[in-house]
Amino acid sequence: MTGPSLSGAELRVLDALDEDALVGDLVDLIRIPSVTGSDAESDLQHRVAGRLTGLGFDVDAWQLDLASLADHPAHPGTEATRTEGYGVVGSFGPAGIPALVLQGHVDVVPTGDLDKWQDRDPWSGRVRGGTVHGRGACDMKAGVAVNLAVARALAVAGVVLERPFAVHSVISEEDGGLGAFATLLRGHDGEAAVITELTSGKVVVANAGALTFRLRVAGRAAHGSARLSGHSALDAFLPVYAALAELERERNARPDALFDDNPLPYPISVGKVRAGDWASSVPDLLVAEGRLGVQLDEPPEQARATLERAVTVACSRDPWLVDHPVEVTWPGGQFASGRLAADHPLVAEVLAAVHDTERRQSSIGAAPYGSDLRLYQHLGGIATLHYGPGDVRFAHAPREQVEVAELVRTARSLAVTAVRRCGAHL
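Predicted, not measured: the structure shown is a model, and the values here were computed from it.

Draft legend 1. Main features of the overall build of the chain. For the chain, the helix and strand inventory stands at eleven helices and 17 strands. Relative to a compact globule of 426 residues, whose C-alpha radius of gyration would be 22 Å, the chain shows 23 Å and is just as compact. Dimensions along the principal axes, computed over C-alpha positions, put the chain at roughly 80 × 45 × 45 Å. Taken over 426 residues, the chain has a buried fraction of 57%. Summarising the internal contacts of the chain: among those between residues at least 6 apart in sequence, 82% fall at separations of at least 24. When the accessible surface of the chain is summed, it comes to about 17,400 Å², and 51% of that surface belongs to carbon and sulfur atoms. Positive and negative charge centroids in the chain, built from 38 and 55 side chains respectively, lie 3 Å apart.

Here's what the structure looks like:
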């Protein structure tokens, strides 16, 4: 439904927004198994570059210098093994700094147990009952498809842009943000950016950070039949695990008001545990890897120190660990938190576009996950928020999905945002 608040140029662009092509793009994107670090990640970047070139965008597609990026002091960390990577930026309209950037990442997390997926196929892109299914459906190939739909609408509508519009397509968001980092270092700028991460209809102006930690817990090996002569590293880990749970409670006692509907904005999750190498031996080493949620505006080094202190205290209270302290290291992705001031004009502009196209009042909030927002805000100095299709409860899950209606609504709102920010006219 549209109303009198929409201009002729806005109506022209909305008429040019091809909903069938939007869904088709999402299906095509899902069918490329672009797990972070895989060759398919590059394949999908080439596909996006081709789509933007075909629309008449000025496209910069380049191979990342992984070694040079790794040596940079602000490198955001990675977890996946990667032999190559590509950046893609498409610009449309006059020369200059883009008035609006739409950004999305093409990489997805692994699929997990295939038996948990319908027909054991996480790459189907199946459309059923108004819903698109598959790995990456909401995190965040739906957002990438929306960005392409807005780009297509602007290109075919026949409007003139007074200020440029850009699309950034990046890799490696899931394991740290290397793609966004490389894009910003290459000099791609913008006055404002919307990252079309999944937000369930909210305008997300801040997000928590996430730091990957590794714990090495020592035990003493022994034959399983004489386990009392050894000390299980698994048993040694239990008081540390309990200390992490208590730390999580403490860090979530007084969350920021932007998280008013989230009972756990700063989770501490242990995602991987490895112990032992023989069933009838007492394990002499346990390695646990997990995720520490970083509070809004909390320096990452402070968050690290807080977890390290909790582990040290737990070790000091345990007869075994006091002499065999746990080793804490910080490999992999290191996401700081990020925040855009709620009174920044971009926030009001997106809220107004949502109201004028979706005929509803949206609200602002914060997300509990790390993202590229903090890089665009802190490294790029670009006013950035999230607004995109999907629900985080489906992200990284075997039932990952996104509703077509939400996909279309989001594309329409961001198309109007682009028209207004870029001064499009007939």
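Draft legend 2. Representation of the packing of helix α2 (residues 19-30) against helix α11 (residues 404-421). One way to put it is that α2 packs onto α11 with a least axis distance of 10 Å and a crossing angle of 115°. α11 is crossed by α2, and the crossing has right-handed handedness. In this structure, α2 uses Glu19, Leu22, Val23 and Leu26 to contact α11, whose residues at the interface are Val404, Leu407, Val408 and Ala411.

Draft legend 3. Structural view of helix α1 (residues 8-16). Taken as a whole, α1 has its buried residues at Ala9, Glu10, Val13, Leu14 and Ala16. All buried residues of α1 lie within an arc of 160° about the axis, which places them on one face of the element. Where α1 is buried, its residues contact α5 (141-156), α9 (345-358) and α11.

Draft legend 4. Expanded view of the sheet that holds strand β5 (residues 131-133). Pairing in this open sheet of three strands is antiparallel, and the strands run β4-β5-β17 from one edge to the other. If you trace the sheet from one side to the other, it starts and ends with β4 (127-128) and β17 (401-403), each paired once. The sheet contact formed by β5 and β17 spans three bridges and is antiparallel. Counted as the bridge partner of Thr131 is Glu403 from β17.

Draft legend 5. Spotlight on the pairing of strand β16 (residues 383-386). Residues Ala383 and Leu385 of β16 are buried on one face, and the alternating residues Thr384 and His386, pointing to the opposite face, are buried as well. Where strand β7 (residues 192-195) and β16 come together, four bridges link them in parallel fashion. Bridging from a neighbouring strand, Ala193 pairs with Thr384 of β16.

Draft legend 6. Geometry of the side chain of Glu173. Residue placement: Glu173 occurs in the loop between β6 (165-170) and α6 (178-185). No salt bridge is formed by the buried Glu173, whose closest oppositely charged neighbour, Arg374, lies at an N-O distance of 6.2 Å. Among the polar contacts made by the side chain of Glu173, one reaches the side chain of His105 at a distance of 3.2 Å. Excluding residues within four positions of it along the chain, Glu173 makes contact with His105, Asp107, Glu197, Phe335, Gly370, Ser371 and Asp372.

Draft legend 7. Geometry of the pattern of salt bridges. Counted under the stated rule, the structure contains 26 salt bridges. Among the salt bridges present, the one from Asp28 reaches Arg51, with a minimum N-O distance of 3.4 Å. Here the residue Asp28 occupies a position in helix α2, and Arg51 occupies one in helix α3 (residues 39-54), the gap between them amounting to 23 residues. Judged by its relative accessible area of 30%, Asp28 is partly exposed. For Glu41, the salt bridge identified is with Arg82, shortest N-O distance 3.0 Å. You can see Glu41 sitting in helix α3 and its partner Arg82 sitting in the loop between α4 (66-71) and β2 (86-92), a full 41 residues away along the chain. Each member of the pair, Glu41 as well as Arg82, carries the same accessibility label: buried. Bridged by salt links that share partners, the residues Asp25, Asp28, Arg51 and Arg152 form one connected network.

Draft legend 8. Layout of the environment of Ala279. By the secondary structure assignment, Ala279 is in the loop between β10 (268-275) and β11 (285-294). Residues Ala279 and Gly85, spaced 194 residues apart in sequence, show a C-alpha to C-alpha distance of 41 Å.

Draft legend 9. Looking closely at the packing of aromatic side chains. Counted by the stated rule, this structure contains five aromatic pairs. One aromatic cluster is present, formed by Phe57, Phe92 and Phe165 through successive ring pairs.

Draft legend 10. Structural detail: the nonpolar core. Membership of the largest hydrophobic core comes to 94 residues, with the highest contact counts inside it found for Val150, Phe165 and Leu385. The leading source of residues in this core is α5, at ten residues. The contacts of Val150, once residues within four sequence positions are left out, are Leu102, Phe165, Ala411, Leu414, Ala415 and Ala418. Listed in part, the 25 residues of the second largest apolar core include Phe237, Val240, Val294 and Ala310.

What counts, and at which threshold
- Residues numbered from 1 in each chain as written.
- Predicted model: local features only at pLDDT ≥ 70, side-chain atom pairs only at ≥ 80, totals over all residues.
- Heavy atoms only, no water.
- Helix = DSSP H or I, 4+ residues; strand = E, 2+ residues; numbered from the N terminus.
- Rg over C-alpha atoms; globule rule 2.2 N^0.38 Å.
- Buried < 20%, exposed > 50% of the residue type's maximum accessible area, 1.4 Å probe, protein only.
- Contact = heavy atoms within 4.5 Å.
- Areas by Shrake-Rupley, 256 points an atom, 1.4 Å probe, with all protein chains shown as cover.
- Lys, Arg positive; Asp, Glu negative; His and termini not counted.
- Charge placed at Lys NZ, Arg CZ, Asp CG, Glu CD.
- Axes fitted to C-alpha atoms, helices over the stretch in contact; angles between N-to-C directions.
- Left-handed = near helix turned anticlockwise from the far one by under 90°.
- Arc of directions from axis to C-beta.
- Pairing = 2+ DSSP bridges.
- Salt bridge = Lys/Arg side-chain N within 4 Å of Asp/Glu carboxyl O.
- Polar contact = N/O pair within 3.5 Å; in protein donor to acceptor, adjacent residues only side chain to side chain.
- Phe/Tyr/Trp six-rings, centres within 6.5 Å; stacked < 30°, edge-to-face > 60°.
- Core = buried A, V, L, I, M, F, W, Y, C linked by side-chain atoms within 4.5 Å.

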